[in-house]
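The chain contents come next:
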Amino acid sequence: MEKEYYYVGVTVDEAIKKGLKDLALSEDAVKIEVIEGGSAGIFGLFKKEAKVKLVPLDEDYNKEEAVKLAKATEEVVEVEKVVEKEQVVEVKTTEKEEVVVEKVVEQEVHVEETKPAVEETVVEVEQHEEPVKKAKREDYIVKNKDRIVNYLQNIVVAMGYPDATVDFREDGNRHFTLNIKTEENTSLIIGKRGITLNSLQFLVNNYAKKFSSHYFRIEVDCDDYRENRKKTLEELALNLAKKSKKIGKPVELEPMTSIERKIIHNALTGIKNVETESRGEEPHRYLVITAK
């Protein structure tokens, strides 16, 4: 059943903006219907307010959860502004340090090249016996992990989880996991089919881009939701493939994130006469399973 929300304003645009702010949604996430266009009247008389109806496109939309998340995000924005200045200074300092190191290395190389041939031979032999290892470049995501952890923790606390803690884990290949822990019911943190958890993940990755311009990926998890969801999707994929073969028609799934679509695709890869195809546009892109 569709959830309908009505808003009024001096103009249609004002009524829509008021509604989007109240629902904590973007314009492309709702269906808008103008009930009354509004009128300025004559000489200030017979004014009529504009009235609109907003219907969230997500059938599982929960206003309370959406507003809480938006409010928490706004509170964290102020924290971002404070630390941003510190980050700029730190990055500039780090860049200067890197330049100094590079110049020192260049000078050392230049000195070695100007030494006599005999001395060069000796150096080569020594290097052959004990190869010089290059210093591993520091990972700025790891270096700033405390700030990233605090960023997420502040949001979760603002959502109503004062006891929440966040663990940081390196998974390799510049993949990281932030695991939220709390003694309270985590349904609000995870959200319907993980929608709130995915929103938190988006915010964290966007925030972490301030520390590194290179590729990285941060996954946000809570109560092992990601692993449990993966198992559920794999079972769903096999069951829907059987259903498609039984009824002799393609089966459409609900809209999913690219990661969840990939899980289903991988689960069916290698199974004879079973195909998966992505259709639609983000964020409403979905999979179609066809089994012959």
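Cut-off values and rules
- Residues numbered from 1 in each chain as written.
- Predicted model: local features only at pLDDT ≥ 70, side-chain atom pairs only at ≥ 80, totals over all residues.
- Heavy atoms only, no water.
- Helix = DSSP H or I, 4+ residues; strand = E, 2+ residues; numbered from the N terminus.
- Buried < 20%, exposed > 50% of the residue type's maximum accessible area, 1.4 Å probe, protein only.
- Contact = heavy atoms within 4.5 Å.
- Areas by Shrake-Rupley, 256 points an atom, 1.4 Å probe, with all protein chains shown as cover.
- Salt bridge = Lys/Arg side-chain N within 4 Å of Asp/Glu carboxyl O.
- Pairing = 2+ DSSP bridges.
- Axes fitted to C-alpha atoms, helices over the stretch in contact; angles between N-to-C directions.
- Expected span 1.5 Å × (residues − 1).
- Arc of directions from axis to C-beta.
- Core = buried A, V, L, I, M, F, W, Y, C linked by side-chain atoms within 4.5 Å.
- Polar contact = N/O pair within 3.5 Å; in protein donor to acceptor, adjacent residues only side chain to side chain.
- Phe/Tyr/Trp six-rings, centres within 6.5 Å; stacked < 30°, edge-to-face > 60°.

This part takes up the overall build of the protein chain. When you go through the protein chain residue by residue, the secondary structure sums to nine helices and nine strands. Buried residues in the protein chain amount to 30% of all 292 residues. Restricting the contact set of the protein chain to residue pairs at least 6 apart, pairs at least 24 apart contribute 63%. Just so you have it, the protein chain exposes about 19800 Å², and 53% of that area is on carbon and sulfur atoms.

Under the definition given, this model contains 12 salt bridges. Taking the shortest distance from any N to any O, the salt bridge between Lys 53 and Glu 4 comes out at 3.5 Å. Taken together, the residues Lys 53 in strand β3 (residues 50-56) and Glu 4 in the segment before β1 (5-9) connect sequence positions 49 residues apart. Here Glu 219 and Arg 217 are joined by a salt bridge, their closest N and O atoms 3.8 Å apart. Put simply, Glu 4, Glu 33 and Lys 53 are held in one network by salt bridges that share partners.

Reading across the sheet, the three strands line up as β1-β3-β2 and stay open at both edges, with antiparallel pairing between neighbours. Pairing within the sheet leaves two strands with one partner each, and these edge strands are β1 and β2 (30-36). On average, each strand axis in the sheet is inclined to that of its neighbour by 25°, with strand direction left out of account. Taken together, the six bridges between β2 and β3 define a ladder with antiparallel strand orientation. Of the residues in β3, the one forming a bridge with Glu 33 is Lys 53. This element, helix α1 (residues 12-23), spans β1, β2 and β3 of the sheet and lies at about 135° to β1.

For helix α5 (residues 145-158), with 14 residues, the first-to-last C-alpha span of 20 Å sits near the 20 Å given by 1.5 Å per residue. What α5 keeps buried is the set Ile 148, Val 149, Tyr 151, Leu 152, Ile 155 and Val 156. All buried residues of α5 lie within an arc of 155° about the axis, which places them on one face of the element. Positioned one or two residues after α5, Gly 160 has a phi angle of 110°, which is positive.

Strand order in the open sheet formed by three strands is β7-β9-β8, with antiparallel pairing between adjacent strands. Of all strands in the sheet, those bounded by a partner on one side alone are β7 (251-252) and β8 (274-279). With two bridges joining them, β7 and strand β9 (residues 286-291) adopt antiparallel strand pairing. Among the inter-strand pairings, Glu 252 is bridged to a residue of β9, identified as Val 288.

Turning to the nonpolar core, a few remarks are in order. For soluble globular proteins, the rule of thumb is that nonpolar side chains tend to be buried together. Counting residues in each nonpolar core, the largest one holds 32 residues, and the members touching the most others are Ile 148, Leu 152, Leu 178, Ile 180 and Ile 218. Those elements giving two or more residues to this core turn out to be α2 (63-113), α5, β4 (165-172), β5 (175-181), α6 (187-190), α7 (195-208) and β6 (217-222).

This part takes up the environment of Lys 51. By the secondary structure assignment, Lys 51 is in strand β3. Judged by relative accessible area, Lys 51 falls into the partly exposed class, the value being 31%. Between the alpha carbons of Lys 51 and Ala 15 there is a distance of 6.6 Å; along the sequence they are 36 residues apart. Ignoring sequence-local partners within four residues, the contact set of Lys 51 consists of Tyr 6, Tyr 7, Val 8, Glu 33, Val 34, Ile 35 and Glu 36.

It is worth spelling out the side chain of Asn 205 at this point. By the element assignment, Asn 205 lies in helix α7. At 2.9 Å, the side chain of Asn 205 forms a polar contact with the backbone oxygen of Gln 201. Ignoring anything within four residues of it in the chain, the contact list for Asn 205 reads Phe 216, Arg 217 and Ile 218.

One pass over the structure, following the stated rule, counts four aromatic pairs. Judged by centre distance (6.3 Å) and plane angle (90°), the rings of Tyr 5 and Tyr 61 are edge-to-face. Of this pair, Tyr 5 sits in strand β1 while Tyr 61 sits in the loop between β3 and α2, and the two are 56 residues apart along the sequence. Tyr 61 sits in the buried class, given a relative accessible area of 6%. Consider the rings of Tyr 151 and Tyr 207, whose centres lie 4.0 Å apart with planes at 5°: the pair is stacked. You can see Tyr 151 sitting in helix α5 and its partner Tyr 207 sitting in helix α7, a full 56 residues away along the chain. Across the pair, Tyr 207 and Tyr 151 agree in class, each one buried. Three or more aromatic residues link up through ring pairs in this structure, and these residues are Tyr 151, Tyr 207 and Phe 211.

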